[in-house]
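Single-letter residue listing:
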Amino acid sequence: MTHRIVILGGGTGGTLTANRLRKVYDRADAEITVVDQDDRHVYQPGLLFVPFGLTHNEDIIRSRSRQLHDGITSRQCPIDHVDLAANEVHLTDTSVLPYDVLVVATGTRLAPEETDGLLEAWNHTAFTFYTPEGAAALEQAITAFDGGRIVINVVDMPIKCPVAPLEFCFMADWHFQERGIRDRVQLTFVTPLDGAFTKPVAAAQLGGMLEEKGVELVTEFNTGEIDTERKVLVSFDGREEPYDLAVVIPVHMGAEYVGRSEGLGDAMDFVPTDRRTLQSKAAPNVFAIGDATDVPTSKAGSVTHFEGEVLVENIEHFLAGEPLVEGYDGHANCFIETGFHKALLIDFNYETEPLPGHFPAKAGLPLLKDSRLNHLGKLMFQWFYWHALLPGRDIPGIGVTMPTSGKEFSRPA
Ligand SMILES: Cc1cc2nc3c(=O)[nH]c(=O)nc-3n(C[C@H](O)[C@H](O)[C@H](O)COP(=O)(O)OP(=O)(O)OC[C@H]3O[C@@H](n4cnc5c(N)ncnc54)[C@H](O)[C@@H]3O)c2cc1C
């Protein structure tokens, strides 16, 4: 019998899942179809560098369909909805894809319309680097900026790559120092969290770095409105943060079609998912991966990569009628670019917060510490993304579960 496996989304998670499944099943055993709305695969970590002219959109965007191995069908069309009862996906061109197993990998969507005034301010006084178009517009604004107050604002959590806004602060500090105008630029990081980051040890370390670099930190600020006329962020409790240039990371939600698919998503259109098996709570034959899920770890490419191995194993178990493995431990890691050709690395899972030490073992990359080695790691990661991670190859020395041997569990950062 040929299994029909339909994968919604051809980004990081959809692509690596399809390629891994193709290696596991012969064409006679499984028909694998990937659906996406466009053919532009963006290497999203590269978006951080676009506003500073350190890379360009054409260097980080490739054809989606060309990342898929032979024997995988690629459909380019927006998804309209999923009919869970009928095991069917409906596309907006009215075609219908029946499935035996469905994988939801449609990531997040940015929802600037959720914040009053943000759409009017978009690309005039408020910018984002979370899309290629936004990052390119922000590059022009940064280049033209000659002094004043730049506010970097996270409207609400969760967001993709929660450290990226901090990286932006560090990069901006470096950029304006290089231009010799840092003394004329005030940088302020405005967050809804009670510290620089979600996890205490890393929050203390990163908060200290903001201070060292002269970046003001404003916490527990829940942005309710962007007043474009006055150029002010207004919080729900009436506090105000004036800006000359705002860099805003808007509200993130799941894909809109999730909301149109009865029983699939939650109120934010994320897919309730078992955090260890990656089986959705909507139906046993529906799995989810990456940013689209509600699992309590970061929305990050590294997470998506680690989840991919467990997900594919569990699809095999499901189709064979076997019990699923509880194999995903929430493992996440992330290089945090800090400017001046340096970066920090964090590595954590559901139970263990980012700690100092080394990764993946005692002789590895320094954790929670600025180093040139980590910066080189961040730069090299782009090559690994296209040539190892997306094609579904294992990265030597980096496993699904969080390594513990290099971590200093007792020493605070
Ligand atoms: C600025 C920035 C920096 C980042 N830096 C890092 C980093 O340093 N390290 C790290 O690990 N992660 C980083 N990330 C996060 C990482 O890129 C994402 O977590 C990862 O790409 C998630 O993969 P995904 O497959 O879940 O979603 P995506 O890769 O976003 O793919 C989702 C796909 O679904 C498609 N889709 C959505 N809706 C529909 C629809 N209705 N119909 C058809 N197709 C649809 C989209 O077109 C898209 O291709 C960063 C992200 C950003 C924005």
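Residues numbered from 1 in each chain as written. Predicted model: local features only at pLDDT ≥ 70, side-chain atom pairs only at ≥ 80, totals over all residues. Heavy atoms only, no water.

## So, unusual backbone geometry
Move 1: Across the junction of Met157 and Pro158, the peptide omega takes the value 5 degrees, indicating a cis bond.
Move 2: Looking at where Pro158 falls in the secondary structure, it is placed in the loop between β12 (148–154) and α5 (164–178).
Move 3: A cis amide bond links Phe359 with the next residue in sequence, Pro360, at an omega value of 0 degrees.
Move 4: With respect to the helices and strands, the residue Pro360 is situated in the loop between β23 (357–359) and β24 (365–367). (Helix = DSSP H or I, 4+ residues; strand = E, 2+ residues; numbered from the N terminus.)

## Section: the nonpolar core
Move 1: If you look at the biggest cluster of nonpolar residues, it comprises 87 residues, and the most contacted ones within it are Phe129, Leu138, Ile150, Phe168 and Leu206.
Move 2: The element contributing the most residues to this core is α5, with 9 residues.
Move 3: The contact partners of Ile150, leaving out residues within four places of it in the chain, are Phe145, Phe176, Val185, Gln186, Leu187, Thr188, Leu245 and Val247.
Move 4: One finds Leu8, Ile79, Leu264 and Val271 within the second-largest nonpolar core, a separate group that totals 22 residues. (Core = buried A, V, L, I, M, F, W, Y, C linked by side-chain atoms within 4.5 Å. Buried < 20%, exposed > 50% of the residue type's maximum accessible area, 1.4 Å probe, protein only. Contact = heavy atoms within 4.5 Å.)

## Focus on the sheet that holds strand β13 (residues 185–190)
Move 1: Ordered by their spatial adjacency, 5 strands build an open sheet running β11-β18-β12-β13-β14, and the pairing between neighbours is parallel. Strands at the two margins of the open sheet, each flanked by one partner only, are β11 (126–127) and β14 (215–218).
Move 2: When β12 meets strand β18 (residues 245–249), the two strands line up parallel, connected through 5 bridges. Bridging from a neighbouring strand, Ile152 pairs with Val247 of β18.
Move 3: Helix α4 (residues 132–144) rests against β11 and β18 of the sheet, and its axis sits at about 155 degrees to β18. (Pairing = 2+ DSSP bridges. Axes fitted to C-alpha atoms, helices over the stretch in contact; angles between N-to-C directions.)

## Some words on the pairing of β14
Move 1: Across 4 bridges, β13 lies against β14 in parallel orientation. The residue of β14 that forms the bridge with Leu187 is Val215.
Move 2: The β-α-β motif built from β13, the intervening helix α6 (residues 200–212) and the parallel element β14 has right-handed crossover chirality. (Right-handed = clockwise from strand over helix to strand, strands pointing away.)

## Here we look at the domain arrangement of the protein chain
Move 1: Each assigned domain of the protein chain is listed with its residue range as follows: domain 1 (3–107 + 255–319), domain 2 (112–251) and domain 3 (337–413).
Move 2: For domain 1 and domain 3, the distance between their C-alpha centroids amounts to 25 Å.
Move 3: Residue-level contacts link 27 residues of domain 1 with 20 residues of domain 3.
Move 4: Together, the buried faces of domain 1 and domain 3 total about 2200 Å²; carbon and sulfur atoms form 60% of this surface.
Move 5: Of all residues in domain 1, Tyr43, His305 and Phe306 bury the most surface against domain 3, accounting for 27% of the area lost on that side.
Move 6: Counting the contacts that link domain 1 with domain 3 gives 3 salt bridges.
Move 7: The shortest N-O distance in the salt bridge between Glu351 and Arg276 comes to 3.1 Å.
Move 8: Put simply, the parts of the chain that give the side of domain 1 that touches domain 3 at least two residues each are α1 (12–24), β3 (40–42), α2 (57–60) and α8 (301–319).
Move 9: Among the elements that take part in the side of domain 1 that touches domain 3, α1 stands out by supplying 6 residues, more than any other. (Domains from an automatic or database assignment. Buried area = accessible area lost by both parts, 1.4 Å probe. Salt bridge = Lys/Arg side-chain N within 4 Å of Asp/Glu carboxyl O.)

## Looking at the packing of α5 against α6
Move 1: Two numbers describe how α5 lies on α6: the axes approach to 10 Å, and their chain directions differ by 25 degrees. In terms of orientation, α5 lies roughly parallel with respect to α6. For α5 against α6, the interelement crossing comes out left-handed. Across the interface between the two elements, Leu166, Cys169 and Phe170 of α5 pack against Leu206, Met209 and Leu210 of α6. (Parallel < 35°, antiparallel > 145°, perpendicular 65-115°, else oblique. Left-handed = near helix turned anticlockwise from the far one by under 90°.)

## Side note on the sheet that holds strand β17 (residues 240–242)
Move 1: Spatially, the 3 strands line up as an open sheet ordered β15-β16-β17, and their pairing is antiparallel. Both outer strands of the open sheet, β15 (223–227) and β17, are each paired with one neighbouring strand and no more. Ignoring strand direction, the axes of neighbouring strands in this sheet form an average angle of 20 degrees.
Move 2: Of the pairings in the sheet, the one linking β15 to strand β16 (residues 232–235) comprises 4 bridges and is antiparallel in character. Its bridge partner being in β16, Asp227 is matched across the sheet by Val232.

## Focus on the site of the ligand
Move 1: If you check the shell around the ligand, you find 30 residues, and the closest are Thr12, Gly13, Asp36, Arg64 and Gly301.
Move 2: Separating an oxygen atom of the ligand from a side-chain N or O atom of Gln37 is a distance of 3.1 Å.
Move 3: The contact in question runs from an oxygen atom of the ligand to an N or O atom on the backbone of Ser302, over 2.9 Å.
Move 4: When the ligand sits alone it has 1000 Å² of accessible area, and the protein chains cover 92% of it.
Move 5: With 3 residues, the top contributor of residues to the shell around the ligand is α8.
Move 6: Grouping the amino acids of the shell around the ligand by side-chain chemistry returns 13 nonpolar, 12 polar and 5 charged. (Near = heavy atom within 4 Å. Polar contact = N/O pair within 3.5 Å; in protein donor to acceptor, adjacent residues only side chain to side chain. Areas by Shrake-Rupley, 256 points an atom, 1.4 Å probe, with all protein chains shown as cover. Nonpolar A, V, L, I, M, F, W, Y, C, P; charged D, E, K, R; others polar.)

## Some details on a nonpolar patch on the surface
Move 1: Together, Leu373, Leu376 and Leu379 line one region of the surface with nonpolar side chains, adding up to about 280 Å² of accessible area.
Move 2: In this fold, Leu376 is placed in helix α9 (residues 372–389).
Move 3: Under the relative-accessibility criterion, Leu376 is labelled partly exposed at 46%. (Patch = residues over 30% accessible without salt bridge, like charges linked within 9 Å, V, L, I, M, F, W, Y side chains within 5 Å.)

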